[in-house]
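# Notes for the structure review
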Amino acid sequence: MEHRINLDANAGLMPHPQHVARVLEKIKGALNPSSLHRPGQRARALVEEAREAVREFIAAQRGDKIIFTSGATEANSLALYGSNVLQTSSIVSTSIEHHSVLEVLHDLNARGLDVKLAKVTPFGIDLDNLAAQISSTTKFLSVMAANNETGIILPVAKIAELARNVAPKIIVHSDAVQLFGRAKTSIDLLKADLISLSGHKLGAFAGVGCLVAREHVDLTPQVRGGPQEGRMRAGTENLIGIVSMGEAVRELSPKLDQLIAKMRTGRDQLWHEIEKRCPKVERLFNEATTLPNTLSLRFPGSRSDDLLVALDLKGISVSAGSACASGKPEPSHVLLAHQLSHAQAKEVIRISLSGDELPEELVRAAEQIAQCNAANER
Ligand code: PLP
């Protein structure tokens, strides 16, 4: 098989073969966790073991709910639709949220809910604008912890404090998908009431995630039926996915510091290699306030979708805009929100590292990026 270099870690990580083997071994002989027979009880024990692994990973308390879902998209939906405060009140969020938040907000707005989206500056979140949107009637705040496209880290704890000063009972949700596994953090550090996580960004299989809700948060289930997940999400549990998520965070914890350092070193090396070969390249956003693994690069005169295809043919995966939006011709809403023009936004590629790249792979990637960019430049 072709040796590919995956520089698209923010879209998802390939589960490590040892991880896959471990998960398959673990679930041997386990059946439906709701069944009372021994294979069912074995499955139940595995689900609860995974829940405890996630609880430990994010440093949640015993009474906090960890509700396994099909991924962060569903977790975001459960947070936004399921928070009972929403029916008669207002909600504040930002214009750079993932589509799984923004689409729900558009829907809630269409149903008559007052939704305000804070603006961002070319460099990050506009805190003054965000503060101006929050009033004593704001009941819900949803702010992502780090942006998947630009790598910008948002000061969720600071924003939560600021919001609680104005609206003490406000519920704070954070789509924390991109921050966990790329920074040392916890639900306490974020000062959030609800956080959404996704398994495949942490080294687990795709198709699993969770919503973490602090004990005091009142949620209404969005999928009704059986009593699974504390009646918060009906349906037979995705045993293999849940076990995979538990194992993934258990594997990640002891190596997180080292992995973050490797991401940073790799990102800096790659930037240096690209910068010296591509004189016109522009690095967007300040590295001090972005994830250690993400580069958002503009290649003036080079359309990013063409560059992506050319690099793909060379065995290198990058992303133009968010992976979820690829295939769509419109420029990314995130880059437009950061005040790039349509033409500029179409010249931006996102490079995101897993931390496992070898220095020689990064040199090869930079060489290919430079070559493909030179051939692509108009
Ligand atoms: N939120 C963010 C910030 C993401 O990056 C993604 C996936 O790219 C999601 C939510 C959706 O996660 P999932 O694929 O688990 O539904």
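Quantities reported herein were computed from a predicted structural model and do not represent experimental measurements.

## Some points on the layout of surface pockets
Of the pockets and cavities examined, the largest pocket occupies roughly 920 Å³. If you go around the largest pocket, you meet 30 residues; those closest to its centre are Leu 13, Met 14, His 16, Ser 354 and Asp 356. Looking at the lining of the largest pocket, the elements with two or more residues in it are strand 1 (5-6), helix 1 (17-26), helix 8 (239-252) and helix 9 (256-277). Element by element, the count of residues in the lining of the largest pocket is highest for helix 1, at 4 residues.

## Some points on the sheet that holds strand 12 (residues 348-352)
The 3 strands are arranged 9-10-12 in an open sheet whose pairing can be described as antiparallel. Two strands lie at the open edges of the sheet, namely strand 9 (282-284) and strand 12, each paired on one side alone. Across the sheet, the mean angle from the axis of one strand to that of its neighbour is 35°, orientation sign disregarded.

## Things to note about the nonpolar core
Formed by 69 residues in total, the largest nonpolar core has its most connected members in Phe 68, Leu 141, Phe 180, Leu 190, Ile 195, Leu 197 and Met 245. By residue number, the principal contributor to this core is helix 2 (residues 38-58), which donates 8 residues.

## Considerations on the pairing of strand 10 (residues 294-298)
Most of strand 10 is tucked away, with 5 of its 5 residues classed as buried. Going residue by residue along strand 10, you find Thr 294, Ser 296 and Arg 298 tucked away on one face and Leu 295 and Leu 297 tucked away on the opposite face as well. As paired strands, strand 9 and strand 10 are joined by 3 bridges and run antiparallel to one another. Bridged to Arg 283 within strand 10 is Leu 297. In the sheet, strand 10 pairs with strand 12 via 5 bridges, with the strands oriented antiparallel.

## Digging into the packing of aromatic side chains
On inspection of all chains with the given rule, the structure shows 1 aromatic pair. Both rings, one in Phe 57 and one in Phe 180, keep their centres 6.0 Å apart while their planes meet at 50°; by these two values the pair is tilted. Of the two residues, Phe 57 is situated in helix 2 and Phe 180 in the loop between strand 6 (171-175) and helix 7 (187-190); the sequence distance between them amounts to 123 residues. No difference in accessibility class separates Phe 57 from Phe 180, as the two residues are buried.

## Looking at the site of the ligand
Contacts to the ligand come from 15 residues, most closely from Ala 72, Thr 73, Asp 175, Ser 198 and Lys 201. The side chain of Ser 198 places a nitrogen or oxygen atom 2.7 Å from an oxygen atom of the ligand. When the ligand sits alone it has 390 Å² of accessible area, and the protein chains cover 90% of it. The element that contributes the greatest number of residues to the shell around the ligand is helix 3 (residues 72-82), accounting for 3 residues.

Rules used throughout
- Residues numbered from 1 in each chain as written.
- Predicted model: local features only at pLDDT ≥ 70, side-chain atom pairs only at ≥ 80, totals over all residues.
- Heavy atoms only, no water.
- 1 Å grid on protein atoms, 1.4 Å probe; cavity = no way out; pocket = protein on both sides within 12 Å on 5 of 7 lines; lining within 4 Å.
- Points joined across faces, edges and corners; volume = space filled by probe spheres on them.
- Helix = DSSP H or I, 4+ residues; strand = E, 2+ residues; numbered from the N terminus.
- Pairing = 2+ DSSP bridges.
- Axes fitted to C-alpha atoms, helices over the stretch in contact; angles between N-to-C directions.
- Core = buried A, V, L, I, M, F, W, Y, C linked by side-chain atoms within 4.5 Å.
- Buried < 20%, exposed > 50% of the residue type's maximum accessible area, 1.4 Å probe, protein only.
- Phe/Tyr/Trp six-rings, centres within 6.5 Å; stacked < 30°, edge-to-face > 60°.
- Near = heavy atom within 4 Å.
- Polar contact = N/O pair within 3.5 Å; in protein donor to acceptor, adjacent residues only side chain to side chain.
- Areas by Shrake-Rupley, 256 points an atom, 1.4 Å probe, with all protein chains shown as cover.

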